[in-house]
Amino acid sequence: MSAVLVAEDLQTYYGKSHILHGVSLTVNEGEIVTLLGRNGAGKTTTLRSLMGLTPPKQGRIQIFGQDVTGWPAYKIARLGVGYVPEGRKIFGHLTVHDNLRVPALTKGRWTLETIYKLFPRLDERRSSKGGQLSGGEQEMLAIARALLLNPRFLILDEPSQGLAPVIVEDVMNTIRTMRDEGIAVLLVEQNAWLALRNADRAYVLGDGSIVHEGPAAELAADEKRVKALAGASLETSAIDAVT
Amino acid sequence: MELLLFNIFNGLIIGMFYALMALGLSLILGLNGIINFSHGAFLALGGYIAYSLTPVIGFWGALIVSPFAVGLIGLLAERVLIRPLYGRDPLFSLLLTFGLAMIMQDLIRTFWGATGLPFTIPDTLSHPLSQVYFFVTGYRVFLVVLSLFATASLFALLRFTRVGVRIRAGNADLETVSALGINIYRLRAINFAVGILFAGLAGVLAAGRLGLTPTMGASLLMPSFVAIIVGGVGSLLGSMLGGIIIGVAAGIVTTYYPAASDVVIYLIMAVVLVVRPRGLLGQEGLLE
Ligand SMILES: Nc1ncnc2c1ncn2[C@@H]1O[C@H](COP(=O)(O)OP(=O)(O)OP(=O)(O)O)[C@@H](O)[C@H]1O
Ligand SMILES: [Mg+2]
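Residues numbered from 1 in each chain as written. Chains lettered and ligands numbered in written order. Predicted model: local features only at pLDDT ≥ 70, side-chain atom pairs only at ≥ 80, totals over all residues. Heavy atoms only, no water.

J.: Describe in detail the pairing of strand E6 (residues 81-84) of chain A, supporting the description with residues and values.
T.: Residue and element names in this part refer to chain A. Neither face of E6 is left uncovered, since the one carrying Val81 and Tyr83 and the one carrying Gly82 and Val84 both have all their residues buried. Taken together, the 4 bridges between E6 and strand E7 (residues 153-157) define a ladder with parallel strand orientation. Residue Tyr83 lies in a different strand from E7, and its bridge partner there is Ile155. (Buried < 20%, exposed > 50% of the residue type's maximum accessible area, 1.4 Å probe, protein only. Helix = DSSP H or I, 4+ residues; strand = E, 2+ residues; numbered from the N terminus. Pairing = 2+ DSSP bridges.)

So, in structure tokens, the structure goes:
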């Protein structure tokens, strides 16, 4: 199995505040890896560091075997890294179609046409403003936008946030399909149970450093640990009850 | 009555200059996040370059080449001077563009002299189109039509091309655009150059109407900022309308009370800020 991502000893700051204290993680080809942790643990900061949006002061990042430390975000994206940011960051004043015309043009199976086939709902809403979409539709749009880069590595920041349980399952199915098609996935989730059920491996982040890593199933089995480390909330058991 | 029409028409033409300036300023403010105090100097440069090109390639050639030449110089200025200032305190870019304006004005004085120069327009354009309305010359009509055409082209570019879509997206969230694989350094450079190209075009047109002086752009700059505020920051259509409105308003006031024609611009701004602080078309996104 070859590594898609190898991050070593990331030290990231926002101004003077030191947020990541030496985060290291690996994502291999063909797996879904989840990164868990309480609010404010540094999950988003980790993803932003990997994408080059908040470059780490120290540490090394390798993607597809290429040293990308210090690269600007657009170059990292063009290597074939799709990023679905926290809060989705849809361009609310642009139409769905225009949102999908923003990503850089790449070669591969994902084009506007194939994307509209995969997400028929987006096709129907082509000329609606991004801001008028429902949360689920916005999430689909954010994933679609990232897929247009024809990524071999997909990074998602809390895709389930604010979505109804049924829609969450839709999103998870999409993510699993992508994995099955050979896209490696790094998934950040508040909803630990949900993430563990879908992931192959898991990391837990606590106050800016990795405090646990291992197979997802193993961590899922340790209910107390999940509750304590990942801050799994009551709402997540509610979702389990539904699904 | 004729005098009123005369002044309204004059105001409309000045308003077109404000509008072309305001469009460029708005573009640059939106994506580059820079209040470009050197915009007027680029306008003057457009006029002067056209002046020097006219004997060589004629008026029509100069009309096309000069704005693009100025756009290229803008591209260079962005690359060398502006780029290092992105993400820094806005005060830096304010001071830099202000200084750049001074330097460019002095360069113009050095190359072309401090006194005004006449800019001749082709005979075909200088005749009145009507005996009664003697002030409606071919050139003035041409000027209005070309300005509207350039504006329409810009709107079409922003609406229909990928670069335009990315510029509009970047106005709202440049970081996400970059995470989608777009070279935002290049996007900002293109955007800046297009904004400057519009200043250059305004410069050529203004030269034929107002003549050339090194400070010709400086006197158009403040009203253009007012046009943006009146039209609504963030709305290109608003900037355009704002420019025309204050130009025409100043023209009307000139008929009855010439001394107040400058003041009225700021009066309109004050009223807009009190009654509708976001400007006529503010808050809505670009073009919407
Ligand atoms: N732009 C910023 N400037 C300063 N501090 C920040 C900034 N963004 C985040 N932080 C701080 O960095 C820490 C980690 O934040 P981060 O957003 O990475 O956490 P998270 O694990 O993604 O949390 P959540 O689950 O709420 O999304 C927090 O203490 C937060 O307050
Ligand atoms: Mg987060």
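J.: Which residues make up the interface of chain B and chain A, and what values do they have?
T.: Taken together, the contacts link 22 residues of chain B with 25 residues of chain A. Broken down residue by residue, the surface that chain B buries against chain A is led by Arg162, Ala179 and Leu180 of chain B, which jointly contribute 30%. Between Glu175 of chain B and Arg48 of chain A there is a salt bridge, and its shortest N-O distance comes to 2.6 Å. On the surface where chain B and chain A come into contact, there are 11 residue pairs in polar contact (both at pLDDT 80 or more). Breaking the side of chain B that touches chain A down by element, the ones donating at least two residues are helix H5 (138-160), helix H6 (162-179) and helix H7 (184-210) of chain B. A per-class count over the side of chain B that touches chain A returns 10 nonpolar, 5 polar and 7 charged. (Contact = heavy atoms within 4.5 Å. Buried area = accessible area lost by both parts, 1.4 Å probe. Salt bridge = Lys/Arg side-chain N within 4 Å of Asp/Glu carboxyl O. Polar contact = N/O pair within 3.5 Å; in protein donor to acceptor, adjacent residues only side chain to side chain. Nonpolar A, V, L, I, M, F, W, Y, C, P; charged D, E, K, R; others polar.)

J.: Break down the coordination of the magnesium ion (ligand 2) for me, citing the residues and quoting the values.
T.: Residue and element names in this part refer to chain A. Distances from the magnesium ion (ligand 2) to its protein donors, namely Thr44 (OG1) and Glu86 (OE), fall within the range 1.9 to 2.5 Å. Separated by 42 residues along the polypeptide, Thr44 in helix H1 (residues 43-51) and Glu86 in the loop between E6 and helix H3 (96-99) bring together distant segments of the chain. Given a relative accessible area of 29%, Glu86 falls into the partly exposed group. (Donors = N, O, S within 2.8 Å, 3.2 Å for Na, K, Ca; no water.)

J.: Outline the packing of aromatic side chains, supporting the account with residue identities and numerical values.
T.: Residue and element names in this part refer to chain B. Enumeration according to the criterion identifies 10 aromatic pairs over all chains in this entry. Centre to centre, the rings of Phe59 and Tyr139 are 6.4 Å apart; their planes meet at 70°, and the pair counts as edge-to-face. One end of the pair, Phe59, is in helix H2 (residues 39-82); the other, Tyr139, is in helix H5, with 80 residues separating them in the sequence. On the accessibility criterion, Phe59 (6% relative accessible area) is buried. (Phe/Tyr/Trp six-rings, centres within 6.5 Å; stacked < 30°, edge-to-face > 60°.)

Scope: geometric values only; no functional claims are made or implied.
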